[in-house]
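Commentary on secondary and tertiary structure
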Amino acid sequence: WTKGVDGRQSLVRLTGIPVYALTWTLPWSVATSMKTATPPMVRAPDMPSRTDSGISDDAKPSTAAADAEAPAVVVQHSFASVQPDLPRKPNYWISCCKACVLLCLALLCQPIWFGTAIVLSFALTGVSIVAGLPIVFLILYFYSFMPHNDLYTQLLLLSYKVLFFARYKPTARGDMLPGLLRPKEQLEKRAIAYAVNILVPLSSEEEFKKDRITFTSTLGILFEENLHRLPYYQRNAAFAPGEDPVEYVMSYVGDVFPNVNQIYREKTSDEACTQLAFFGLGAHRIEVETETRTDEHGNEVEAKMYVVRTNQLSQLPVREGFETYGGDAYFDAEWRIEKIAFQTQISSEGLPGPLVTVRPGERGWEYAKFCWRSSLFSFVTLVDHLYGVHMQAGNACVVAMRQQLSKDHPIRRFLTPFSFQTISVNDNARNNLVNPRSMGPRCFALTDIGMDLAWSAAPTLLQSGVEAAKAQTDPKLYWTALLDRGWYIENWVKPRLGKLTPWWEQALEFWNVQKAFVTAFMESYWSGPEALLQDKEAFKFLVQSVSIVQSTSSDAITHLAELPAELSAEIFWDATINLIARYTNLVTAGHEQVGTVPVYAQDASFCAFAWKKGEMMATKQAALNAAVLMAFTSTPMPPLMRKTEEDDWSFLFPSEWKSADVPSPKARADAAYNQFQADLARLEVKYQAFNDAALAADATFPNNFGIWAHVPSLLECSVSV
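So, a few notes on the structure that sits alongside this text. (Residues numbered from 1 in each chain as written. Predicted model: local features only at pLDDT ≥ 70, side-chain atom pairs only at ≥ 80, totals over all residues. Heavy atoms only, no water.)

A look at the side chain of serine 406
Tracing the backbone through its elements, the reader meets serine 406 in the loop between α11 (365-404) and α12 (410-415). A distance of 2.7 Å separates a polar atom in the side chain of serine 406 from a polar atom in the side chain of glutamate 537. If we ignore the near neighbours within four places in the chain, the residues touching serine 406 are Lys184, Arg412, Glu537 and Trp657. (Helix = DSSP H or I, 4+ residues; strand = E, 2+ residues; numbered from the N terminus. Polar contact = N/O pair within 3.5 Å; in protein donor to acceptor, adjacent residues only side chain to side chain. Contact = heavy atoms within 4.5 Å.)

As structure tokens, then:
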């Protein structure tokens with residue numbers, strides 16, 4: 001053994017070939033003797049080694065001879081430490097002899113080099129002549145439009161337009177064929193940048209694709225995966241005085257820009273701030289705070305203030321020249337805006353910056369409102385929409401559904417419309433919204449470190465039930481607070497607000513309709529909690545869903561993984577119904593609230609993802625970036641409300657299931673679906689009447705603002721990007 005090692009080390013010094021390679025180049029008998037003399041590798045008794053085939057050595061059959069030759073006791077070999085040679089001498093792996101040999105070899109190769117260079121020069125000349133015209137044409141073409149944006153945004157918009165006009169709006173009966181459902185299986189995933197513990201399945205794992213892998217699809221994947229590697233160029237061209245930013249962006253994206261459902265009579269007044277906070281983008285983030293004041297008699301009184309906060313973003317670093325995010329907007333008991341408080345950044349000495357408060361009529365008030373509106377737009381887009389809806393909750397439920405539920409499982413079939421193309425959507429978001437230098441980072445003013453910090457803080461900034469669950473000690477209430485949206489509104493939001501705003505009233509009513517649908521569907525297949533508890537797939541689906549949410553949330557629910565083993569049949573039944581209802585609510589009305597925001601993305605003087613210090617309008621580049629992002633995140637999906645027979649997805653419900661103990665489950669499930677559609681039609685009439693009254697000429701403040709987040713005819717079954 002010693003001679004063998006010394007011999008091979010000598011060969012290594014001579015040839016530079018690694019020892020492991022020499023094992024296979026030496027004669028077989030010598031190599032075999034060397035290998036058998038090697039001290040055996042040690043492994044713990046409970047940690048079997050893995051072979052290349054993935055099967056453990058312990059699991060393989062063994063012969064009697066092999067058992068006899070196996071050592072009874074395995075001892076790990078110890079190697080002695082070696083001190084470096086002294087005095088130390090530099091080793092650059094070169095000597096006079098080696099330099100002469102290399103020089104001779106270089107002289108011998110010189111003719112080959114010259115010949116290759118001549119051939120390549122002729123070839124490149126020919127290629128440049130042939131390709132010169134199209135290359136010059138493309139250069140001029142890309143300089144001819146969107147001159148204030150970079151090549152990445154141009155290519156992204158062009159590619160999306162090609163996909164948009166080649167795609168039709170999918171329907172349930174035409175695109176959700178049960179025969180294309182894929183079996184329960186482990187999904188291939190990729191980690192996303194910035195966030196922790198989030199793994200997104202690749203779009204190749206999507207269902208309802210007849211030809212999943214083709215040459216052209218492979219090229220498209222390569223293009224999408226690497227597009228973000230193009231450099232980012234910051235352009236600072238500003239809008240001219242009086243230039244219309246809406247007209248500017250629509251001249252480029254108007255053919256693919258989504259419909260604008262929300263109506264703002266005007267966008268920059270103080271009343272518009274009320275609409276934004278109580279009826280629009282900030283309605284789900286309204287809070288109450290009390291403030292001590294002195295009344296006209298000199299007495300101290302407690303004044304109730306409504307507030308929508310964005311100062312959580314105030315310490316994030318932004319690119320040079322851009323304004324920082326932040327601003328907490330305060331409204332009085334009559335919902336009129338009173339002030340905006342800005343938390344300035346920490347000083348270089350590490351001291352907290354002062355709180356700067358601006359009130360109506362004061363200098364800088366218009367700029368303060370613009371900064372708050374834009375900060376809220378950025379906050380909701382990054383935290384609530386991209387992280388909360390897509391990367392966390394939506395991704396968790398879809399992964400658990402595909403990996404734990406068979407394709408004929410009733411819950412899998414029920415969730416199919418609500419998860420339609422979600423894997424492709426989230427993988428698209430990973431590539432085009434999350435990756436460094438993709439559309440998301442290009443839109444926001446944050447530096448790369450700022451993006452990292454924002455994603456790290458996102459789990460603690462969500463208001464989704466986690467904060468209510470943290471306050472519970474009873475396991476039943478814990479799961480209820482975490483998953484039951486109705487309980488959260490009635491027992492967490494309402495006591496803090498005093499009374500529900502119109503937006504929260506609609507949110508509660510819409511939730512009750514969705515939960516009633518889920519409950520009726522579950523009762524169509526299982527007679528009650530004890531029957532469902534026998535369904536192991538359903539149990540694993542619940543556990544994996546909440547475990548993924550746990551791993552991507554704050555430390556408020558770190559003990560959640562210990563709860564499933566303790567669940568009673570009743571808790572399991574309620575938690576499963578609430579989980580399904582919560583997911584369906586999140587991808588329909590929830591996504592409409594935080595993700596369908598064309599009215600904000602279209603007008604760079606109303607809201608902006610990034611803006612220069614002191615400017616009340618984004619640059620042309622930032623304005624078009626926001627519009628492009630809005631366009632390609634609005635791919636049409638099947639409607640939630642049945643408008644034609646093509647929109648009816650009740651055919652997905654299975655006729656039977658092995659653990660079902662209710663007779664005629666399909667007929668019962670169909671009846672539950674029809675009742676759900678009737679309830680949606682009722683809500684449609686009610687909410688349209690609410691908006692008509694709000695938009696009437698005689699409507700008075702604060703009843704002159706509409707709500708479009710819960711109008712059933714505007715909602716789609718699943719999320720889109």
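Anyway, onward from the coordinates.
Points about the nonpolar core
By size, the foremost hydrophobic cluster in this structure holds 184 residues, and its most contacted members are Trp372, Trp455, Trp504, Phe541, Tyr600 and Trp649. No other element matches α11, which puts 20 residues into this core. Apart from the residues within four sequence positions on either side, tryptophan 504 is in contact with Ala283, His284, Ile286, Arg485, Tyr488, Ile489, Val493 and Leu497. (Core = buried A, V, L, I, M, F, W, Y, C linked by side-chain atoms within 4.5 Å. Buried < 20%, exposed > 50% of the residue type's maximum accessible area, 1.4 Å probe, protein only.)

A short note on the packing of helix α6 (residues 151-166) against helix α24 (residues 620-632)
Where α6 meets α24, the axes come as close as 10 Å, and the angle between the chain directions of the two elements is 30 degrees. Here α6 is positioned roughly parallel relative to α24, judged by the angle of their axes. Seen along the crossing, α6 lies across α24 with a hand that is left-handed. Of the residues in α24, those touching α6 at Thr153, Leu156, Leu157 and Tyr160 are Asn625, Val628, Ala631 and Phe632. Classifying every residue of the contact of α6 with α24 gives six nonpolar, two polar and no charged. (Axes fitted to C-alpha atoms, helices over the stretch in contact; angles between N-to-C directions. Parallel < 35°, antiparallel > 145°, perpendicular 65-115°, else oblique. Left-handed = near helix turned anticlockwise from the far one by under 90°. Nonpolar A, V, L, I, M, F, W, Y, C, P; charged D, E, K, R; others polar.)

A closer look at unusual backbone geometry
In this model, leucine 86 is joined to proline 87 through a cis peptide bond whose omega is -5 degrees. Among the structural elements, proline 87 can be located in the loop between α4 (64-69) and α5 (96-144). Unlike most non-glycine residues, methionine 146 shows phi in positive territory, near 45 degrees. As for its position among the elements, methionine 146 is in the loop between α5 and α6. The phi dihedral of tyrosine 194 falls on the positive side, at around 75 degrees, and the residue is not glycine.

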